[in-house]
Every structure is written in structure tokens, then in C-alpha cells.
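Each chain, written out:
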Amino acid sequence: MPVEVGLRPTGGLYLPWCLVPSRAPRLRLWLVSTGQAVFHAGLGFWLATSFTGPTRGIGFGLLFTFGLLALTRGKSLVSSLWPVLVLPFAGPEALGDEVWTPHGFEAERLLLQGRIREARGRVEEAPIAQHEAGVAAAIVLAQGRYEGAEELARAALEYDWNNTNAHSFLGLAIVGSVDCGELSPERGVARLGPALAAFGQNDRAILRSVLPAADLARFTGDPEGAVRAARRLRSGYRVSLWVALAECSLAAALIAAQRAEEARKALARARRECPELARIAEVERLLEHEPMPVKVTR
């Protein structure tokens, strides 16, 4: 049953694959952001001034986190004072330039459905918002232009350092460069570490939550660990692009583990989900050579 969810800025939830632009987005964003800021700071002030002991400590903690988020989040849509203090006085073009554009939303929706050429056509129609830089990075990545994808992903991270997808796209761009021969596995490992640092490259529990972690395990000589990581991550994806990317990482890990037949099945599943994804052909070339696992010392 098709379901369409309208754009409702909540201050903490962003589901681009099911959002459409709605009426009065500036007013909605201001009301939600103001409510969140008042609640966060107000609760902290009340607890800090009206209670003692641990409760007062919680209040000071809330005030501290409010100040920290206000200083570090910049123009972010969530946990930021930009939509509260700046947006109401900005020109009518501010929301479109900084936050979203209708064709940017449509491009992201098409991309996540696996319709890469159509998504590229949308972003070529007109400039997209700065906040949507990750969409452009994903499109270029899906087309197999890994150097350009890495540059765009880094640009997206300059705007929003905590953008999980941009970190993943950056890591996958490096992985793609290794698999297509543009980078050596040693260079790839050296660059993947910093790219995944925001997710705790030394904390395996955190690192397991991002797709390039499976490829990092493959590059560092743990193909079976890469297979397990890719299978686990694949089970959590529900949109075509991410499912196909996860199947490609799984196929590459299976090839490194010398399980060619399973790798072919994974690539077939990836092609069903997103036939235009360039990485499918690149992993197929790995399958032709069936390379032995290569251990890279980190």
C-alpha cells in the first residue's frame, strides 16, 4: 500500500525517502525549532534552579548540552538556533537556498528507489540546496565517479560534520577507488580510517554500523568478518540503493573468502534492486579474477 508522508520538521527526525515539500515550511520549522529550544533550555534551567543534588546536576547538564549544540550545529535543521534566530529575518529565498529544494527532494527520492539517471536529471535542472550536497555525492558515487563522489561527500561534511550518510558515501567512494584499481588496498586502508573516524574506528561496536566497515575488514585480511558485517548491515536496509550497495559489499567479501557462487547470487540481488549501480560491474570484475584475500597492516 503506497504511503506518502508530508514534510513535518520535528527537530530530530529526517526521512528523506518519504518526504515531500509542504505548505508554510518556514513557519513549521520555526515553531518546531523554537519549541525544542525552549523545552531543552527551560527544563535545564528549572531543574538547575529548583532542585538540589543529582537533579540539579541533570539541569546543568541540559544547559551545557544546549549551549554546546547551539555553538556547534551551525545552520543545521535540528538542534540549532539558526531556524529560531536567523530564519525569521532572512529573505524569502533563505529556506530554499539553505535547507531544501523541491527538485533536490525529488532527486533523493528517485535515487533511493534505484533510479539513478532520473535522479541525476533532477539535480541538473537547477542548483540544489547546500543541505542537499550529500544527494549529489550519492548520485556521483552510484555512477562510479569515485573521485568526484569523495569531493562532494567532503563538501557535505563541511556543512554538517555529523552527516552519517555523507561519511558512508565518503568511505564507499574510497572503497570503489580500490576495487576499480585507482587506489591500492594499502592506500585505501590509510584513507578509510580517517573517513570512518566519526563513528569510532577503534570501537568495533560503533564501526559495525556503517557499510564501509565491511569493506575495511576485507582490506585488512578478514574476509569472513567482512561477510558477517555485510550480511548484518544488509538486513537493516529497506531502500533499493542501500540494499544494492550492501549486496555489493557482501559480494566483494564473499569473493575474498573464495565463495564465488554466493557472490554471484549477491550481485544478482543487487542488480534487481538497482540495475544502474556502477559498483555491480566493478565487483563482477573482481569475481572474474577471484583474488586471494590480502592482509593489510594498519
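Residues numbered from 1 in each chain as written. Predicted model: local features only at pLDDT ≥ 70, side-chain atom pairs only at ≥ 80, totals over all residues. Heavy atoms only, no water.

Some words on unusual backbone geometry
Okay, so step 1: The phi dihedral of Gln-258 falls on the positive side, at around 60°, and the residue is not glycine.
Okay, so step 2: Note that Gln-258 resides in the loop between helix 14 (240-256) and helix 15 (260-273).
Okay, so step 3: Assessed through its relative accessible area of 48%, Gln-258 is described here as partly exposed. (Helix = DSSP H or I, 4+ residues; strand = E, 2+ residues; numbered from the N terminus. Buried < 20%, exposed > 50% of the residue type's maximum accessible area, 1.4 Å probe, protein only.)

Some points on the packing of aromatic side chains
Okay, so step 1: If you walk through the whole model with that rule in mind, you get three aromatic pairs.
Okay, so step 2: Relative to Phe-51, the ring of Trp-46 has its centre 5.2 Å away and its plane inclined at 90°; by these criteria the two rings are edge-to-face.
Okay, so step 3: The exposure class assigned to Trp-46 is partly exposed, which follows from its relative accessible area of 46%.
Okay, so step 4: On the basis of relative accessibility, which here comes to 31%, the residue Phe-51 falls in the partly exposed class.
Okay, so step 5: Where Tyr-237 meets Trp-242, the ring centres are 5.4 Å apart and the plane angle is 25°; that geometry is what we call stacked.
Okay, so step 6: Tyr-237 sits in the buried class, given a relative accessible area of 18%.
Okay, so step 7: By way of ring pairs, the aromatic residues Phe-169, Tyr-237 and Trp-242 are connected into one cluster. (Phe/Tyr/Trp six-rings, centres within 6.5 Å; stacked < 30°, edge-to-face > 60°.)

With respect to the packing of helix 8 (residues 146-159) against helix 9 (residues 164-179)
Okay, so step 1: In the contact formed by helix 8 and helix 9, the axes pass within 8 Å of each other and the chain directions differ by 160°. With respect to their mutual orientation, helix 8 and helix 9 come out roughly antiparallel. Classified by chirality, the crossing of helix 9 by helix 8 is left-handed. On the side of helix 8, the interface is formed by Tyr-146, Ala-149, Glu-150, Ala-153, Arg-154, Ala-156 and Leu-157, while helix 9 contributes Ala-166, His-167, Phe-169, Leu-170, Leu-172, Ala-173, Ile-174, Gly-176 and Ser-177.
Okay, so step 2: In the contact of helix 8 with helix 9, the residues fall into eleven nonpolar, three polar and two charged. (Axes fitted to C-alpha atoms, helices over the stretch in contact; angles between N-to-C directions. Parallel < 35°, antiparallel > 145°, perpendicular 65-115°, else oblique. Left-handed = near helix turned anticlockwise from the far one by under 90°. Contact = heavy atoms within 4.5 Å. Nonpolar A, V, L, I, M, F, W, Y, C, P; charged D, E, K, R; others polar.)

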